[in-house]
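# Per-entry structural report
So you can see what is in the structure, the chains are spelled out below.
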Amino acid sequence: MTRETERFPAREFQRDLLDWFARERRDLPWRKGRDPYKVWVSEVMLQQTRVETVIPYFEQFIDRFPTLEALADADEDEVLKAWEGLGYYSRVRNLHAAVKEVKTRYGGKVPDDPDEFSRLKGVGPYTVGAVLSLAYGVPEPAVDGNVMRVLSRLFLVTDDIAKPSTRKRFEQIVREIMAYENPGAFNEALIELGALVCTPRRPSCLLCPVQVYCQAFAEGVAEELPVKTKKTAVKQVPLAVAVLADDEGRVLIRKRDNTGLLANLWEFPSCETDGADGKEKLEQMVGEQYGLQVELTEPIVSFEHAFSHLVWQLTVFPGRLISSESTKEPFRLVSEDELEAYAFPVSHQRVWREYKEWAGGVRRPD
């Protein structure tokens, strides 16, 4: 028993939290049926992505890959295309690798043992707790950002939640206050409370079903918690991007490397400029590295795209691909219709939209 929970009225807390959840829980597609595979897909999608954004992606993804076997047997490009727009593509690559292992090692059944499940690629402590408690009723804690915020306020925890040791502390607290007869609902209720009531800013304390147990509310410091160290300044990366069409109207795209940021996704040719003239740098890069002759016009748009650790500052140059005979991997020439079958990161989806809008209003380069 930790010092936080030593005198905590866990049974009363469970009752009030679960009663509230039964009344207020959102009707979400992954909450129907409790298929371990579908729960797993939803939890991977929900990492770093809002519920409202995930719902249509989840429904489309499950329509496309209705079973674990269907996903395991799918081609990676098809999987990446189905994930297009959700970002953080390492999540779906890890999921794809993991379901393949489940198919071969466990006969297509998601393991219900925490140790076995945690050994799968991309499966961390939160995913273990969320999937196994929701799908199988295994009493494992599911501690995400919502839960850490709720618990930091409930128990007046001032430790930095960015530290792994703090997460471990919260996991132990959950084990001690969990409703073991219904761990899935308990975990979901804590997460739902953080999402709907105990929000990062201006928490709705007066509407909170467990306000009477909250030490931060009693002390008047709810909005000051949780404590989290500020991120260091993100790196700014200026990029020049070329949308190049040949005489037949086909567009030049290339596949990114199979490791690193946005691995195996497709994009338009680009290069870092580091303060140099983007147009000149692009023409030089495409010519020297890939032996392609191009002719660029002036840029049509500039915009930023932020990742967690860096910001791309993209400037888009339309242009003409003069010689395409030597086009080879990782490049590919595709028609506008064919382009729809390739998975692009969000930033390059916008590049294409901006180009299409520009091309609809002005004549393409000769």
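Just so it is clear, the model here is predicted, and its values are computed rather than measured. (Residues numbered from 1 in each chain as written. Predicted model: local features only at pLDDT ≥ 70, side-chain atom pairs only at ≥ 80, totals over all residues. Heavy atoms only, no water.)

### Brief notes about the overall build of the chain
To be explicit about the condition: Here a helix means four or more residues in a row that DSSP labels H or I, a strand means two or more in a row labelled E, and each is numbered from the N terminus. Whether two residues touch is decided by their heavy atoms; if any such pair falls within 4.5 Å, the residues are in contact. To be clear on the numbers: accessible area is Shrake-Rupley with a 1.4 Å probe, and residue cover counts the displayed protein chains and nothing else.
When its secondary structure is counted, the chain shows 15 helices and eight strands. For the C-alpha atoms alone, the extent of the chain along its principal axes is close to 75 × 50 × 35 Å. Looking at the chain alone, contacts between residues at least 24 apart form 67% of all its contacts between residues at least 6 apart. In the structure as shown, the chain presents an accessible area of about 18,100 Å², 46% of it carried by carbon and sulfur atoms.

### Re the pattern of salt bridges
Selection rule: Only one rule defines a salt bridge in this text: a Lys or Arg side-chain nitrogen within 4 Å of an Asp or Glu carboxyl oxygen. Burial classes follow relative accessibility: with a 1.4 Å probe on protein chains only, a residue under 20% of its type's maximum area counts as buried, one over 50% as exposed, and anything between as partly exposed.
Counting across every chain of the model gives 22 salt bridges. The salt bridge involving arginine 34 is made with glutamate 188; its shortest N-O contact spans 2.6 Å. Of the two residues, arginine 34 is situated in the loop between helix H1 (10–24) and helix H2 (36–46) and glutamate 188 in helix H11 (residues 183–196); the sequence distance between them amounts to 154 residues. Across the salt bridge formed by arginine 256 and glutamate 267, the nearest N and O atoms sit 2.9 Å from each other. Taken together, the residues arginine 256 in the loop between strand S2 (251–255) and strand S3 (266–267) and glutamate 267 in strand S3 connect sequence positions 11 residues apart. Accessibility expressed as a relative area gives 3% for glutamate 267, which makes it buried. Salt bridges sharing partners connect three or more residues here, namely Arg26, Arg31, Arg34, Glu188 and Glu192.

### A few points about the packing of aromatic side chains
For the record, the criterion: Two aromatic rings from Phe, Tyr or Trp, using only the six-membered ring of Trp, form a pair when their centres are within 6.5 Å; if the ring planes differ by under 30 degrees the pair is stacked, by over 60 it is edge-to-face, and anything between is tilted. Throughout this description, the term charge over a ring refers to an Arg CZ or Lys NZ atom that lies within 6 Å of the ring centre and within 35 degrees of the ring normal.
Within the structure shown, the criterion is met by 15 aromatic pairs. Judged by centre distance (5.4 Å) and plane angle (80°), the ring pair of tryptophan 30 and phenylalanine 58 falls under edge-to-face. One end of the pair, tryptophan 30, is in the loop between H1 and H2; the other, phenylalanine 58, is in helix H3 (residues 51–64), with 28 residues separating them in the sequence. Since its relative accessible area comes to 3%, phenylalanine 58 is described here as buried. One aromatic cluster is present, built from ring pairs that chain together Phe8, Phe13, Phe155, Phe186 and Tyr213. In this structure, arginine 350 is placed above the aromatic ring of phenylalanine 303, and the distance from its NZ or CZ to the ring centre is 4.1 Å.

### Describing the UniProt feature "domain: HhH-GPD" (unreviewed entry) in the chain
Put simply, the rule reads: UniProt positions are given in the numbering used here, feature names are shortened, and annotations may be inferred rather than shown by experiment.
Feature annotation in UniProt places "domain: HhH-GPD" (unreviewed entry) on residues 45–196, given in this structure's numbering. Taken as a whole, residues 45–196 contains 67% helix and 0% strand, while its terminal C-alpha atoms sit 19 Å from one another.

### A few points about H11
What counts is decided by this rule: Take the residue count of a helix, subtract one, and multiply by 1.5 Å to get its expected span.
Between its first and last C-alpha, H11 extends 20 Å over 14 residues, near the 20 Å set by a 1.5 Å rise per residue. Within H11, 12 of the 14 residues are buried, which leaves the element mostly enclosed by the surrounding structure. Residues of H11 that are buried: Pro183, Gly184, Ala185, Phe186, Asn187, Glu188, Ala189, Leu190, Ile191, Glu192, Leu193 and Gly194. Check the buried side of H11 and you find it contacts H1, helix H8 (125–136), helix H9 (145–154) and helix H10 (164–177).

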